[in-house]
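Below, each chain spelled out in residue letters.
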Amino acid sequence: MKRKLLALTLALLTLTGALAGCGQKTAETSPVPETAAPETSAPVETTAQPTQEAAGTVRFAVLNGPTGVGAAKLMADSEAGATSNTYEVEVFTANDQVAAGLTNGEIDIAAVASNVAANLYNKTDGGIQMLAVSGLGVLYILENGESVHTMADLAGRTLYATGQGANPEYVLNYLLTENGVDPADVDIQWVTADEITTLMVSGEAELCMLPVPAATAVQLKNADVREALDLSAEWDNLQNGSHLTMTTIVARTDFIQENPQAVENFLADYQASVDYVNGDPAAAAELVAGYGITANAQIAEAAIPKCALVFITGPSSMRGAIQGYYEVLYQANPDSIGGGIPDDAFYYQG
């Protein structure tokens, strides 16, 4: 577990732009990258909120890898005292670590895999709510060779993969099944991203499934490794009415209720961070690497355009972006989202 603690000085209520002026706020969604199919750019309906003091410190958690990339500028701004809240940020290596912190009250807001968000909501009886959809599909099949061009080509092969028990496993199993391949007919070796990198770079492994930026790192280290399949494209090819929607921002419901202005401040800070990262990958890459979210800036800069970072808020927009994905996961394995598709109360109303 890699943890980075940032304790920062707050300049309360110095928000500009969308949060300025008589306590009125307007929430908007950031544009979805060109690789994403859902239409999510419409403004979110909001109501004016009375000005309130934010929580003393917002305990925010992210994961290294694609889930944490969008938070890099928020972390830097927070360190510089340029955010609306005071943030204490930790960078974790596994979803279960973040889930434990949310359920025991040690974390207020977190970036987690979308299936983890649904699991937490169901298993805490509504104790967790979704604040935003923050990332779409980032999974790729890489090959040392030229033999894999469709999901069906994976039958009978050995595939090294990371993400067992989380979105990557459910996505892979679903795509294999929908393409006529029993997942049991693929020798899936669940190992760490570091192990996969070593095997692919050395040429010992022929096939792997990795998210960016880990996939990017492999290709930078071994030019013979090619991108065989983009799993977002494979998902879209099924034309099932849904799209890969892999990462979200969630918060404890009691924290939301007790600190509504801190939540609104966070959303503004996080949107500014995502916009910066998407808008200037080269500069953002230095921050992403500096906070240990990727191994180095070169990997980060190459990966950011493929990280599918978005900022989708508002209950109707969030539900529209992710509901179809949850329906697919539920049909494939109800336990993958905690036994049920989240209802409307899951989505933060603002």
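Above this text sits the structure in question.
This write-up is about the structure you can find in this document. Every value quoted in this text rests on a predicted model; they were computed, and no experiment measured them.

**Side note on the overall build of the protein**
Next, step 1: Along the backbone of the protein there are 13 helices and 11 strands.
Next, step 2: Across the protein, every contact between residues at least 6 apart in sequence was considered, and the portion connecting residues at least 24 apart equals 80%.
Next, step 3: Summing over all exposed atoms, the protein offers an accessible surface of approximately 13900 Å²; the carbon and sulfur share of this is 46%.

**Focus: the packing of aromatic side chains**
Next, step 1: Using the criterion set out here, one finds 10 aromatic pairs in the structure.
Next, step 2: Both rings, one in F60 and one in F266, keep their centres 5.0 Å apart while their planes meet at 65°; by these two values the pair is edge-to-face. Here F60, found in strand β1 (residues 58-63), pairs with F266, found in helix α10 (residues 260-279); they are 206 residues apart in sequence, far enough to count as distant.
Next, step 3: When the centroid spacing of 6.4 Å and the interplanar angle of 50° are considered together, the rings of Y326 and F346 count as tilted.

**Structural notes on the sheet that holds strand β6 (residues 158-161)**
Next, step 1: Taken in spatial order, the 5 strands make up an open sheet running β7-β6-β8-β5-β9, and their pairing is mixed. The open sheet has two edge strands with one neighbour each: β7 (187-190) and β9 (226-230). Strand-to-strand twist in this sheet, taken as the mean axis angle between neighbours without regard to direction, amounts to 30°.
Next, step 2: Both β6 and β7 contribute to a ladder of 4 bridges, which runs parallel. Residue pairing across strands places A161 opposite W190, the latter belonging to β7.
Next, step 3: Strands β5 (139-143), β6, β7 and β8 (207-211) of the sheet are contacted by helix α5 (residues 167-178), whose axis makes an angle of about 175° with β7.
Next, step 4: Contacts between helix α6 (residues 193-202) and the sheet are confined to β5, β6 and β8, with β8 contributing the most and set at about 135° to the helix.

**Concerning helix α2 (residues 72-79)**
Next, step 1: Buried residues dominate α2, accounting for 6 of its 8 residues.
Next, step 2: Listing the buried residues of α2 in full gives A72, K73, L74, M75, A76 and S78.
Next, step 3: Where the residues of α2 are buried, they touch β1, α1 (66-69), β2 (87-92), α10 and α11 (281-290).

**Quick look at the pairing of strand β3 (residues 109-113)**
Next, step 1: With 5 of its 5 residues buried, β3 lies for the most part within the structure.
Next, step 2: Note that β1 and β3 share 2 bridges and pair parallel. Counted as the bridge partner of A61 is A110 from β3.
Next, step 3: Pairing geometry for β3 and strand β10 (residues 247-252), over 5 bridges, is antiparallel. Bridging from a neighbouring strand, I109 pairs with A251 of β10.

Quick notes on the rules
- Each chain has its residues counted from 1, following the order in which its sequence is written.
- Totals for whole chains, interfaces and linings use all residues, but because this is a predicted model, local features are given only for residues with pLDDT of at least 70 and pairs of side-chain atoms are given and counted only at 80 or more.
- As a convention, hydrogens and water are excluded, and side-chain values are obtained from all of the structure's heavy atoms.
- Think of it this way: any DSSP run of H or I at least four residues long counts as a helix, any run of E at least two long counts as a strand, and we number them from the N terminus.
- Contact criterion: two residues are considered in contact whenever any of their non-hydrogen atoms come within 4.5 Å of each other.
- Areas reported here follow the Shrake-Rupley algorithm with a probe of radius 1.4 Å; residue values treat only the protein chains shown as occluding.
- Two rings from Phe, Tyr or Trp (for Trp, the six-membered ring) form a pair when their centres sit within 6.5 Å of each other. Planes less than 30 degrees apart are called stacked, planes more than 60 degrees apart edge-to-face, and all others tilted.
- Between any two strands, pairing holds if DSSP finds at least two bridges.
- To obtain an axis, a line is fitted to C-alpha atoms, over the contacting stretch when the element is a helix, and the angle between two such axes runs from 0 to 180 degrees between their N-to-C directions.
- Categorising residues by exposure relies on relative accessible area from a 1.4 Å probe, with only protein chains included: less than 20% of the type maximum marks a residue as buried, more than 50% marks it as exposed, and the intermediate range marks it as partly exposed.

The values are spatial; any link to function lies outside them.
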